[in-house]
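Descriptive structure summary
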Amino acid sequence: RRSVGGASEARRAVAGAGLAVTCRSHCCALSPSAARPLESGAPGPSLPDTRRAPALGLPFHRPPRRCPSLPPGGTRLSAMLPNTGKLAGCTLFITGASRGIGKAIALKAAKDGANIVIAAKTGEPHRTLPGTIYTAAEEIEAAGGKALPCIVNVREEQQIVDAVEKAVQKFGGIDILVNNASAISLTGTLETPTKKVDLMMSANTRGTYLASKICLPHLRKSNIAHILNISPPINLNPIWFKNHCAYTISKYGMSMCVLGMAEEFRGEVAVNALWPQTAIHTSAMDMLGGAGVEQQCRKTDILADAAYCILTKPKSFTGNFVIDENLLREEGIKNFDVYAVAPGHPLLPDFFLDVDPNTLAMKMEAHGASPVFREGKKIESAKHEGPDGAKHEGPDGAESAAVKPLGPVAETFKIIQGAISEDVVRSTQGVYLFELSGDEGGTWYIDLKNKSGSAGIGEPPVKVDVVMSMSSGDFVKMFSGKLKPTMAFMSGKLKIKGNMALAMKLEKMMTQFSSKL
């Protein structure tokens, strides 16, 4: 028996003693559930002494047959973080756990034999969203945990109180709170209805505060005692405020709870935040990013593993804003392809990280670039010229002659006009206005709603459904496939007003146009 400080030292000590290292592929002979510990753990609520060896920080094993999936020398670094059994018997209260990130964290803890309180709104199957608190409970119990499904809207204080009382009555206490439930609307100040502002503020900031406040008396009695908020580091770069001010305020409110409560309850309850390095594939991301966005995302497993790592640390680990990938690299994970939805595909960065958005956008544009547009001369009379180079009436009824050669924007609209079909109009049913800056700047439109459709310069003759503002250069890149619309939006290069569902339809349509550009 040896006492070693860190996890990496612990693994070296175990290997040096001729003991097996935890198998990340979860083969039965080496998995935590099949391990026989050589040392009992420290006393703690609900944690069986036979499940862990805190002197080394990981489970001990007899040296059985060597796992065939392990390379010579130990851990298979291309796999996910293994379970250690440290959360066996612990009770986790997780908001928004019926699907997505919350459910992934619940399932990870369930593999240890944890008790999970599923505090979420969905009791009946949703028309478009997968899962309910009851289907999540079935999955949790199948994974080895115990589940308590509770209908909880975190905006309703009494519902939180009732769920906490049920949890304490059923499981004897609460050891961990995960504030995961969240609402999102990526809209500007003038485009965000007050109802949506109230939803984000009350679900994100107020809901996190209330759940923490109500759980804290029980958490203070636990030897585990963790609060984990799924919220970002507080980045005061204005770019993260200008496009979705209300959403940013609401998420930073969750993060400010971490700052305040970590200090207020230091030594009693650990309070931390966790945020992903890249976009995570969830129902919300499908809604925001449209079809195909999942290829640019990681799976919820990466956040589940990072959360597990945080929640199994001592209380002294508090007041931290953790990025999932950074933490898992410290834990020995080297190859992150296992977490990718489409291994090898470029990944979208997540919001709020202190990385230059333009640099990130350039990296994304470099992937799968279409043929580059040739540089053309500026169109001198752009404000009155149609994309086909013909004469068109200006606002005052006078004619203005086209100037050739066409520039990249006019050439793009010319090709779009030729590519519009009745099928495209029938399937899209939207009118798009583009406010472009820079060369060939001005107002352009695409009508995919009326008659056989049209595209041109100036205001469309019908009501506009979506307004998109960006530079003319980025517009050309976007329609030629060199700049992903989702990436342009996330990096602040593209601003969208109006019907977001129709905006996502336009992204699908771009794939048809890019092959002709």
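Residues numbered from 1 in each chain as written. Predicted model: local features only at pLDDT ≥ 70, side-chain atom pairs only at ≥ 80, totals over all residues. Heavy atoms only, no water.

This paragraph deals with the nonpolar core. With 84 residues, the main nonpolar core has Phe 93, Phe 434, Ile 446, Met 468, Phe 475 and Phe 479 as its most contacted residues. With eight residues, the top contributor of residues to this core is helix α5 (residues 194–219). Contacts of Met 468, omitting those with residues within four sequence positions, involve Tyr 432, Leu 433, Phe 434, Glu 435, Leu 494, Lys 495, Ile 496, Ala 503 and Leu 506. Counting residues in each nonpolar core, the second largest holds 44 residues, with Ala 97, Ala 104, Ile 118 and Tyr 339 among its members. (Core = buried A, V, L, I, M, F, W, Y, C linked by side-chain atoms within 4.5 Å. Buried < 20%, exposed > 50% of the residue type's maximum accessible area, 1.4 Å probe, protein only. Helix = DSSP H or I, 4+ residues; strand = E, 2+ residues; numbered from the N terminus. Contact = heavy atoms within 4.5 Å.)

Turning our eyes to something else, we now look at the pairing of strand β1 (residues 91–95). Taking burial as the measure, the five residues of β1 include five buried ones, the bulk of the element. Where burial is concerned, the two faces of β1 agree: the one with Thr 91, Phe 93 and Thr 95 and the one with Leu 92 and Ile 94 are both buried. Sheet analysis places β1 next to strand β2 (residues 115–120), joined by five bridges and oriented parallel. If you follow Leu 92 over to β2, its bridge partner there is Ile 116. In the sheet, β1 pairs with strand β4 (residues 176–179) via three bridges, with the strands oriented parallel. Bridge pairing in β4 places Ile 94 opposite Val 178. (Pairing = 2+ DSSP bridges.)

The subject of this paragraph is the packing of helix α2 (residues 100–110) against helix α9 (residues 301–311). Running from amino to carboxyl end, α2 crosses α9 at an angle of 55°, the nearest separation of the two axes being 8 Å. Here α9 runs oblique to α2, going by the angle between their axes. In the crossing of α2 with α9, the sense of the turn from one axis to the other is right-handed. Across the interface between the two elements, Ile 101, Ala 104, Ile 105 and Lys 108 from α2 touch Leu 303, Ala 304, Asp 305, Ala 307 and Tyr 308 from α9. For the contact of α2 with α9, a count of residues per class yields seven nonpolar, no polar and two charged. (Axes fitted to C-alpha atoms, helices over the stretch in contact; angles between N-to-C directions. Parallel < 35°, antiparallel > 145°, perpendicular 65-115°, else oblique. Left-handed = near helix turned anticlockwise from the far one by under 90°. Nonpolar A, V, L, I, M, F, W, Y, C, P; charged D, E, K, R; others polar.)

Within the chain, Phe 352 stands out as a residue other than glycine whose phi angle is a positive 75°. The residue Phe 352 is located in the loop between α10 (324–330) and α11 (357–365) in this model. On the basis of relative accessibility, which here comes to 1%, the residue Phe 352 falls in the buried class. Backbone geometry at Lys 451 places phi at a positive 50°, although glycine is not the residue there.

Overall, mixed pairing links the five strands, which are arranged β12-β11-β10-β13-β14 in an open sheet. Here the strands that pair on one side only, and so sit at the sheet edges, are β12 (454–457) and β14 (495–498). Taking each pair of neighbouring strands and ignoring which way they run, the sheet shows an average axis angle of 15°. Both strand β13 (residues 466–471) and β14 contribute to a ladder of four bridges, which runs antiparallel. Each residue of the ladder has a partner; that of Ser 469, found in β14, is Lys 495. Sheet contacts for helix α14 (residues 472–479): β10 (430–437), β11 (442–448) and β13; angle to β13, the most-contacted strand, approximately 110°.

Let us look at the packing of α5 against helix α7 (residues 245–264). Between α5 and α7, whose axes approach to 8 Å, the crossing angle comes to 10°. Looking at the two axes, α5 sits roughly parallel to α7. Residues Val 197, Met 200, Met 201, Asn 204, Thr 205, Thr 208, Tyr 209 and Ser 212 of α5 touch α7, and the partners they reach there are Ala 246, Tyr 247, Ile 249, Ser 250, Lys 251, Gly 253, Met 254, Cys 257 and Met 261.

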